[in-house]
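Overview (structure and organization)
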Amino acid sequence: MKFKGAVFDMDGTLLDSMHVWDQIDVDFLAARGIPLPDDYREAVNKMRSYDIAVYTIKRFHLKEKPEDLVQEWIDMAIDAYSHTLPLKDGVYEYVSALHDAGVKMAVATASDRELVYPALKRTGILPLMDRVVLANEVKNDKGSPDIYLKAAADLGVSPAECVVYEDIIEGIRGANAGGFTTVGICNPGAERTQEIQTEADRCIRSFRELMDDPFYGP
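Below is a short write-up of the structure.

**With respect to the side chain of lysine 142**
- Tracing the backbone through its elements, the reader meets lysine 142 in the loop between β3 (131-134) and α7 (146-155).
- At 2.7 Å, the side chain of lysine 142 forms a polar contact with the side chain of glutamate 166.
- The contact partners of lysine 142, leaving out residues within four places of it in the chain, are Asp9, Lys46, Ala108, Thr109, Ala110, Ile147, Tyr148, Glu166, Glu170, Gly171 and Gly174.

**So, the nonpolar core**
- Core analysis: the largest hydrophobic core is formed by 52 residues, its most contacted members being Phe8 and Tyr165.
- Among residues more than four places away in sequence, those in contact with phenylalanine 8 are Leu14, Tyr94, Val95, Leu98, Met105, Ala106, Val107, Ala108, Met129, Tyr165 and Phe207.
- Counting 16 residues, the second largest nonpolar core, distinct from the first, contains Val133, Val138, Cys162 and Val164.

**Remarks on the pairing of β3**
- Sheet topology places strand β2 (residues 104-109) next to β3; 4 bridges connect them, and they run parallel. Pairing of threonine 109 across the sheet is with leucine 134, part of β3.
- Considered for its hand, the β-α-β crossover made up of β2, helix α6 (residues 113-122) and β3 is right-handed.

Criteria and cut-off values
- Residue positions are given per chain, counting from 1 as you read along its sequence in written order.
- Totals for whole chains, interfaces and linings use all residues, but because this is a predicted model, local features are given only for residues with pLDDT of at least 70 and pairs of side-chain atoms are given and counted only at 80 or more.
- As a rule here, side-chain values come from all non-hydrogen atoms in the structure, and water together with hydrogens is ignored.
- Secondary structure follows DSSP: runs of H or I at least 4 residues long count as helices, runs of E at least 2 residues long count as strands, and numbering of each begins at the N terminus.
- What qualifies as a polar contact is a pair of N or O atoms within 3.5 Å, subject to a donor-acceptor requirement within protein and to the restriction that residues adjacent in sequence count only when both atoms come from side chains.
- Only heavy atoms enter the contact rule, under which two residues are in contact if any of them lie within 4.5 Å.
- In plain words, nonpolar cores are sets of buried Ala, Val, Leu, Ile, Met, Phe, Trp, Tyr and Cys residues tied together by side-chain atoms within 4.5 Å.
- Each residue gets one of three labels from its accessible area relative to the maximum for its type: buried under 20%, exposed over 50%, partly exposed in between, using a 1.4 Å probe on protein chains only.
- Strands are treated as partners if at least two bridges between them are detected by DSSP.
- By convention, a crossover is right-handed whenever its connection, traced from the first strand over the helix to the second and viewed with the strands pointing away, goes clockwise.

Shown next as structure tokens:
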């Protein structure tokens, strides 16, 4: 192991949750008689929930308030995050091993508090983390390094001695811009996987791939 800090995205990285949001997008728009546009998910991928709501209202000419949309999405997701969504393959073993090795760790996520804490607590990840940083604690979204820089500062480590784990290209680019080492999570069927493979320092499908790695392993 060659680093002192680790910053993990949650959705699609620690938690196998992306299918939930895919269905929420479909169901939310369908309830308003709107088919899901092909480019919608990519357009909102790096945004915080409030910014997604503002974008959605503007794009589809909705009359609702952003906070009402955010709450509707949270209500649609709470049950899954609180009771059923599993960790990605190898996550618990890898995070536990880093914890035992003394690595300082944080979650940096654009998801809302009502979803983040129940999911991390239920899966046993929360007690292993030193910090949880939410997107609303920083100025810019994950296309910038803001959230990763805050997480590293809170952990007391420099970007140069910290690894960021992300499953979206915007997150990889933001972390790269901040001077972090990056691990891309290449989920099957995910958009822009080739870009993640090209721009991340390492790309994996399972955290088990890192257990015996001389740099990333515990």
